[in-house]
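# Architecture at a glance
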Amino acid sequence: MQEIQVRFTHSQEEIEVFIDELKNAVLGFLDMYGDPAFLGEEFSQFIQGDNKFAALLEATGKDEYGFFKEVISQLEPANHETETRVVVGGIELPSRLLLPILEVIIPGDNLSAIKDVDTYEQLTNIRVPDDQRQDLQKVMDKYPVRLSKHVIRQSRLSRNVAYQFMPFVQELDESGLKNTWVGQFHKGLLEQMYQNRPIFVLHMSCPVYCRFCFRKHKDCRNLPTPKIEDVLEALEHIKKSPRIKEIVLTGGEPLLNMETLTCAIEGLEQIPHIQTIRIASRCISYYPQLFYAHDSFWLNYLIEKNRALQADKKRIEIATHFIHPDEISHYSLDIISKLVSEGVGVYTQTPFLKDCNDSGRELTSLYNELRSVGSEIHYVYIPCSPIQGNRIYWAPISSGHKAAAYMRAYLSDRAIPIICTATKIGKIDWNTSGWAVEPCTEHPGKIWIRTPYTEEYFKEFAPQFELQDSRANRGGTLDSAFMAEIGDHTLYLGGLTEQPVEPEPFSEANLSTLQQEIRKDQRLAYSIVDTGVKALKRTHLTTVEMDIEALEDFHDSIEYIAKDNSISDVVLTAKESILNSIEMLGMFSRELQTVPHVKAMRIRSLTFAYSPELYTPEVLDTICNLNNLNPANPTRVELETQFIHSSELTELHGDLIREFIARGVTVYNNILLLSGINDNPEEMKRICYRCRQVGIELMLLYIAGMPVQDRWNASRPIDASSVIHIATHLRRYQSGREVPLYAVKTPLGDADFNFTAKVVRIGDYGSGKGDEQVWMKLLPYTLDYYQKLAPGFVWPEGISQEEGHPVVPVRGLVVKSNKDFFLAGSR
């Protein structure tokens, strides 16, 4: 048996690594994950056949000894400043294949608290320059350093992972704050920022310390770990607070304390008004081994406990953080797919870090993959929390806006996050429930951000609330002074000065009329480019819609999709009801699962909303059996429906949705804003609450542009200020998981209302109709973007361009009030 000797991080001594051990690690990995969808199509051409490793050796021209010796020689140096590229025989090996090799070289799952530079060098194999050693020691004395073996291995491969966790001398820069979040209410381990959702801080330490963490300072991390008595005291408070519907169990890392977390979950299970238990854990990315420890205790416990909770119409969700696609390991995807397949929801949130994920490209790749195995995509926090020691991570607000436009252009709408900022008094959704008002002259280095909150709102549950770094604005809410660089002064929108036009009164007859009209045809009538296939509509770079009844176009449709690797989503539609062709779903699914770049098959069914009784157990089985969350090559199945009024949601819907969720199938709702039906805050709050209550994922709230909106709202247009009014109330009173994305549909694609779709003109310019027309500039798109989809593309009639972006008319929307606000960014 041959041996390979390497020098690696633990002791700087030569360690014998056996060929068979390395070979078995690679063989096992390729057997499970050797798929083009996971390792890339370019590399996968070298591992064809039954014995993928033998094929790889042949392609590199190496025997086993030569192959591993060359790999290890290139892995041995650790450089956190650049990406590690390992090339053998002219073939670059994917970092995902290198990870199981590193697990042999650097074994173990333990955690290491690092207190000095020498230990840091030994564990990471990094040589700290002499002129930095003293300062780096000061950093370690001030900000604790803890690393998992998993992160040490990943950091060998990726500068973007090391950038998040490895200490650096720039942390001594004291710019920033010691605390950006304090909550308005504190009681033991209980913190509360919002009326209906507190957090339990169950554990103060983490397996790994993120260098950008908002709890970075020792006064947070050195607090004593809560005890069972603290949990019981918090539970008593929750029992007496029926307004509270959701709880976030967090820390630190709550999964590190089995006793307090299980006590909290089992106590919350007994409180009738609690609907959702959200567990905030980053272990899925930086310490996945915790889920497999003790015979997979946490995986099994969360799945089994969630099943028990579902009997009482409650649920568990896991909120996790991923920053960069280099963090995604096969373990991460396996954990997410297992949880979601068994009914435990997972959603992803992401801090926005300069020089790591701030271009939009990284987030697009990250979210496309996480979403494919079942994760919902929730927030991007811009900018990173302005904590002392974090300045290196701070990006201007404008960078987040540009990244949002990039994602809207290149990412499926089902993977688009909410772009938010967490001010001291709560979160805002950019340019709907909050925005940049003006520079903060009272506090240099800060900007005023309009929030949806009021002083009265906080005093209802936090009587001692005081206006600190906040001010009341003319619109009746609070502005918060936030430490950030704006980057682009056109993002200052000023404040609201006028109330929106009163909506029309609700009418049951109008609702019935609209319901009948919506059901006439469930297909979209247009495509942004001509696909050359009658039954196939291209609604976005990433998304096509197929008419499942047009079987004569089936093969041409599949061929079109297979040739374009930018297509990740296929929406199956039918004119009246997709259930009329339910037996065809299997054929479509089988073909789509052979296309590596297709990540989701979405079934559009308004029948689900209006005739749920047709969803028999047989229909439900047919759909659920198509769901494939295999981490190596997933094709996720989702059900798209449409509820436009809270009265439409029934107990039967809830029962069916729980059945779908229990088998890993997401049901999501796109709401249409309709005049006199739901264009007021109270009704929209009811819709969002009912969707959340039964388990529907809120997706888009279309402000305008859907065919039925074009017809209905044209004669009774909605004032744009009403959208701000609705968004303000949803963010103030609803859970963050009950807040939709506010979108405008146009023949050239969707964009985000008042954010990536900006009002640039008002009025008909000579038509005599006054202000009955709104034009919006679509920031995500350019002529070059469309010509990549169709080389001969030209702007359609009636479309102009401004600064390279299309300007489109939007029907059914007017700007009756606050014209200066909506036109601020166009000047």
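All figures in this text were calculated on a predicted structure; none of them were measured in a lab. (Residues numbered from 1 in each chain as written. Predicted model: local features only at pLDDT ≥ 70, side-chain atom pairs only at ≥ 80, totals over all residues. Heavy atoms only, no water.)

## Topic: the overall build of the protein
Note the following rule: Here a helix means four or more residues in a row that DSSP labels H or I, a strand means two or more in a row labelled E, and each is numbered from the N terminus. Restricting the calculation to C-alpha atoms gives the radius of gyration, and the globule rule supplies 2.2 Å times the number of residues raised to the power 0.38. Each residue gets one of three labels from its accessible area relative to the maximum for its type: buried under 20%, exposed over 50%, partly exposed in between, using a 1.4 Å probe on protein chains only. A contact between two residues is defined here by any heavy atoms of the two lying within 4.5 Å. Per-residue and other accessible areas were derived by the Shrake-Rupley procedure at a 1.4 Å probe size, with only the shown protein chains allowed to occlude residues. For the purpose of counting charges, residues Lys and Arg are taken to be positive, whereas Asp and Glu are taken to be negative. His and the chain ends are not included. By convention, the charge on Lys lies at NZ, on Arg at CZ, on Asp at CG and on Glu at CD.
From N to C terminus, the protein includes 30 helices and 35 strands. Over its C-alpha trace the protein gives a radius of gyration of 27 Å, about what one expects of a compact globule, namely 28 Å for 827 residues. By principal-axis analysis of the C-alpha atoms, the protein measures approximately 85 × 70 × 55 Å. Of all 827 residues assigned to the protein, the portion counted as buried reaches 64%. Taking contacts inside the protein between residues at least 6 apart in sequence as the whole, the part at least 24 apart equals 77%. A total of about 30400 Å² of accessible surface is found on the protein, and carbon and sulfur atoms cover 48% of it. Charge separation in the protein, taken as the distance between the mean sites of 86 positive and 112 negative side-chain charges, equals 4 Å.

## What about the pairing of strand β5 (residues 111-114)?
A regular strand places its side chains so that they alternate between the two faces of the sheet. Defined as follows: By this definition, two strands are paired if DSSP reports at least two bridges between them.
Here β5 shows a clear split, with S112 and I114 buried on one side and none of L111 and A113 buried on the other. Bridge count for β5 against strand β6 (residues 145-148) is four bridges, and the pairing is antiparallel. Bridge pairing in β6 links S112 to L147.

## Some points on the side chain of S412
Which entries qualify depends on this criterion: Pairs of N or O atoms within 3.5 Å make up the polar contacts considered here, provided that, within protein, one atom can donate a hydrogen while the other can accept it, and that residues adjacent in sequence are counted only when both atoms are side-chain atoms.
Mapped onto the elements, S412 comes out in the loop between α18 (397-410) and β15 (418-423). Separated by 3.4 Å, the side chains of S412 and R371 make a polar contact. Within the local environment of S412, its side chain forms a polar contact with the side chain of R602, the two groups lying 3.5 Å apart. Setting aside residues no more than four positions away along its own chain, S412 makes contact with R371, T542, T543, S568, D569 and R602.

## Here's the deal with the sheet that holds strand β17 (residues 435-439)
The cut-off we apply is this: The angle between two axes is taken between their N-to-C directions and runs from 0 to 180 degrees, where each axis is a line fitted to C-alpha atoms and a helix contributes only its stretch in contact.
Taken together, four strands build an open sheet; the order of strands is β17-β18-β20-β19 and the sheet is antiparallel. What marks the edges here is a single partner per strand, and that holds for β17 and β19 (470-472). In this sheet, neighbouring strand axes are inclined to one another by 35° on average, regardless of whether the strands run parallel or antiparallel. Bridging between β17 and strand β18 (residues 446-450) involves four bridges; their strand directions are antiparallel. Bridge assignment links A436 to a residue of β18, and that residue is I449.

## Some words on helix α9 (residues 149-157)
Burial within α9 is extensive, with nine of its nine residues counted as buried. Buried residues of α9: K149, H150, V151, I152, R153, Q154, S155, R156 and L157, and no others.

## Concerning the packing of aromatic side chains
To keep things clear, this is the line we draw: Centres within 6.5 Å are what make two rings of Phe, Tyr or Trp a pair, Trp counting through its six-membered ring; a difference in plane orientation under 30 degrees is then read as stacked, over 60 as edge-to-face, and the rest as tilted. Only lysine NZ and arginine CZ atoms are considered, and such an atom sits over a ring when it is within 6 Å of the ring centre and within 35 degrees of the ring normal.
For the structure shown, the criterion picks out 37 aromatic pairs. Seen in terms of ring centroids, Y615 and F660 are 6.4 Å apart; in terms of plane orientation they differ by 70°. Their pairing is edge-to-face. Of the two residues, Y615 sits in the loop between α23 (607-610) and α24 (617-624) while F660 sits in helix α25 (residues 651-662), which places them 45 residues apart along the sequence. For the residue pair Y615 and F660, the accessibility class agrees, reading buried in each case. Ring-pair connections join several aromatic residues into one group, and the members of that group are Y406, Y410, Y781, Y785, Y786, F793 and W795. Against the face of W712 rests R716, its NZ or CZ located 3.9 Å from the ring centre. For R737, the ring lying beneath its charged end belongs to Y347, and the centroid distance is 4.4 Å.

## Looking at the environment of I718
Tracing the sequence through the fold places I718 in strand β28 (residues 718-719). Looking at I718, the relative accessible area reads 1%, which means it is buried. Separated by 215 residues in the primary sequence, I718 and P503 have C-alpha atoms spaced 7.6 Å apart. Excluding residues that lie within four positions of it along the chain, I718 makes contacts with L673, L674, S675, D679, N713, G812, L813 and V814.

## Here's the deal with the side chain of S646
Its location among the elements puts S646 in the loop between β25 (636-641) and α25. For S646, a relative accessible area of 13% corresponds to the buried category. Beyond its immediate sequence surroundings of up to four residues, S646 is in contact with E683, R686, I687 and R690.

## Focus: the pattern of salt bridges
As a reminder of what qualifies: Each reported salt bridge corresponds to a side-chain nitrogen of Lys or Arg within 4 Å of a carboxyl oxygen of Asp or Glu.
Under the definition given, this model contains 58 salt bridges. The partner of R85 in a salt bridge is E92, with the nearest N and O atoms 3.0 Å apart. A relative accessible area of 53% places R85 in the exposed class. Where R371 meets E638, a salt bridge forms, and the shortest distance between an N and an O atom there is 2.6 Å. Of the two residues, R371 is situated in helix α17 (residues 361-372) and E638 in strand β25; the sequence distance between them amounts to 267 residues. Classification of E638 by relative accessible area gives buried; the value is 0%.

## Considering the environment of Y393
Here Y393 is to be found in the loop between β14 (376-381) and α18. As a C-alpha pair, Y393 and E70 span 323 residues in sequence and 35 Å in three-dimensional space. Residue contacts for Y393: discarding those within four places in its chain leaves Y163, Q164, F168, R211, F212, F352, L353, K354 and C384.

## Some thoughts on the sheet that holds β25
Hydrogen bonds between backbone atoms are what pair the strands of a sheet, whose relative direction is either parallel or antiparallel. In spatial order, the strands read β21-β22-β23-β24-β25-β26-β27-β29-β30; together these nine strands make up an open sheet with mixed pairing. Edge strands, defined here as strands with exactly one partner in the open sheet, are β21 (536-540) and β30 (751-752). Pairing of strand β27 (residues 697-704) with strand β29 (residues 741-744), which is carried by four bridges, proceeds in the parallel orientation. Note that in β29 the partner of L701 across the bridge is Y742. Across the sheet, α17 touches β23 (569-573), β24 (600-604) and β25, and the angle it forms with β25 is around 90°.

Shape is all these values report; function is a separate question.
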